[in-house]
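Results of the structural survey
One letter stands for each residue in the lines below.
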Amino acid sequence: MKEILFIQSSINGANSQTKRILNYFERYWIKNHENTSIIKRNLVKNSLPIMDEEVFSAYYSTPLTQQSEKQKKAIEISNELIDEIKCSELIVMTAPMYNLSISSQLKNYFDLIIRAGLTFSYINNERVGLLKNKKALILTSQGGLKYDKDMDYLNNYLRDLLNFVGIEDSTFIGVEGVAMKPNNIELEHSNAEKKIMDFINNY
Ligand SMILES: Cc1cc2nc3c(=O)[nH]c(=O)nc-3n(C[C@H](O)[C@H](O)[C@H](O)COP(=O)(O)O)c2cc1C
């Protein structure tokens, strides 16, 4: 059975544009692939521990027997997130643009899954991502229009983060101009839906 992981990171609740694209993905996917198990992780509704000094030291230096309850809990959650992504062959992630980049919830998710020896490693002076044979689909939305490459702190950044842990096959589909060109939004969604259909049909 195929395993898919949905990661939601919008703070816009029912009005979220990226959630709307994700809902479309889910409906169309289920029509075409009945035998799928979908794990759903909502990073806003179920907030994760922030990676601070205490949590970081639990990763690499504080021995298990000396860890505080907070450290134990954070490690437990980090392990759970890593297990979840390891067993998924496709990761579908919403990535709304907030202040030029990803949401703090999504950044925090990466802080919790990027761990030396578990999701990446340094071998012979080279960095190796350890999450292999996976694809990612990233669903984006932004109020303005796409920035040029040098100003893109969302698409390039996410592609690099995923690459860092070994996920080299990532596809970006999204809507833009949500605030700048609100009259265009339905057209934006119908274009995004066509791309989702193509993605699923060719999967
Ligand atoms: C806190 C915040 C910051 C935002 N910053 C940007 C921005 O830097 N650039 C942009 O084009 N749109 C920005 N927007 C607009 C969002 O990208 C837009 O509302 C998008 O639809 C968000 O996706 P969502 O609806 O799935 O949450 C921002 C919105 C919020 C709430």
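On a predicted model such as this, the values are computed, not experimentally measured, just so you know.

Mapped onto this structure's residue numbering, the UniProt feature "binding site: FMN" (unreviewed entry) falls at Ser10, Met97, Tyr98, Asn99, Leu100, Ser141, Gln142, Gly143 and Gly144. Within the secondary structure, Ser10 sits in the loop between strand 1 (2-8) and helix 1 (17-32). We classify Ser10 as buried; it has 24 C-beta atoms within 10 Å. If near-sequence neighbours (up to four positions away) are discounted, Ser10 is found in contact with Ser16, Thr18, Lys19, Val44, Thr94 and Pro96.

Take unusual backbone geometry next. Even without being a glycine, Asn99 presents a positive backbone phi close to 45 degrees. Judged by local crowding, Asn99 falls into the exposed class, with 8 C-beta atoms found within 10 Å. Backbone geometry at Asn133 places phi at a positive 55 degrees, although glycine is not the residue there. With respect to the secondary-structure elements, Asn133 resides in the loop between strand 5 (126-129) and strand 6 (135-141).

So, about the sheet that holds strand 2 (residues 36-42). If you walk across this open sheet you meet the 5 strands as 2-1-3-6-7, and the pairing is parallel. A strand with exactly one partner marks an edge of an open sheet, and here the two such strands are strand 2 and strand 7 (169-175). Strand-to-strand twist across the sheet, computed as the mean angle between neighbouring axes with direction ignored, equals 15 degrees. As judged from the 7 bridges shared by strand 6 and strand 7, these two strands associate in the parallel manner. In the sheet register, Thr140 faces strand 7, and the bridge partner there is Gly174.

This part covers the site of the ligand. Close contacts around the ligand come from 17 residues, with Ser10, Thr18, Pro96, Gly143 and Gly144 the closest. If one sorts the elements of the shell around the ligand by residue count, helix 1 sits on top with 3 residues. For the shell around the ligand, the residue count by class is 6 nonpolar, 10 polar and 1 charged.

For the rest of this paragraph, the subject is the pairing of strand 3 (residues 90-96). Consecutive residues of a regular strand have side chains that alternate between opposite faces of the sheet. Counting buried positions along strand 3 gives 7 out of 7 residues, so the element sits mostly inside the fold. Burial along strand 3 is two-sided: Leu90, Val92, Thr94 and Pro96 facing one way and Ile91, Met93 and Ala95 facing the other are all buried. Here strand 1 pairs with strand 3 via 4 bridges, running parallel. Each bridged residue has a counterpart across the sheet, and for Ile4 the counterpart in strand 3 is Leu90. In this structure, strand 3 lies alongside strand 6, joined through 7 bridges in parallel fashion. Within strand 6, the position partnered with Pro96 by the bridge is Ser141.

Moving on, we get to the nonpolar core. One finds Ile91, Val92, Met93, Ala95 and Leu139 to be the most contacted residues of the largest nonpolar core, which totals 35 residues. For this core, the elements supplying multiple residues, two or more each, are strand 1, helix 1, helix 3 (69-86), strand 3, helix 4 (104-113), strand 6, helix 5 (155-164) and helix 6 (185-201). It is strand 3 that contributes the most residues to this core, 5 residues altogether. Apart from the residues lying within four places of it in its own chain, the contact partners of Ile91 are Leu5, Ile7, Ile85, Lys134 and Ala136.

Thresholds, definitions, all that
- Residues numbered from 1 in each chain as written.
- Predicted model: local features only at pLDDT ≥ 70, side-chain atom pairs only at ≥ 80, totals over all residues.
- UniProt positions renumbered as here; feature names shortened; annotations may be inferred.
- Helix = DSSP H or I, 4+ residues; strand = E, 2+ residues; numbered from the N terminus.
- Buried ≥ 20, exposed ≤ 12 C-beta atoms within 10 Å, placed from the backbone.
- Contact = placed C-beta atoms within 7 Å.
- Pairing = 2+ DSSP bridges.
- Axes fitted to C-alpha atoms, helices over the stretch in contact; angles between N-to-C directions.
- Near = placed C-beta within 6 Å.
- Nonpolar A, V, L, I, M, F, W, Y, C, P; charged D, E, K, R; others polar.
- Core = buried A, V, L, I, M, F, W, Y, C linked by C-beta atoms within 7 Å.

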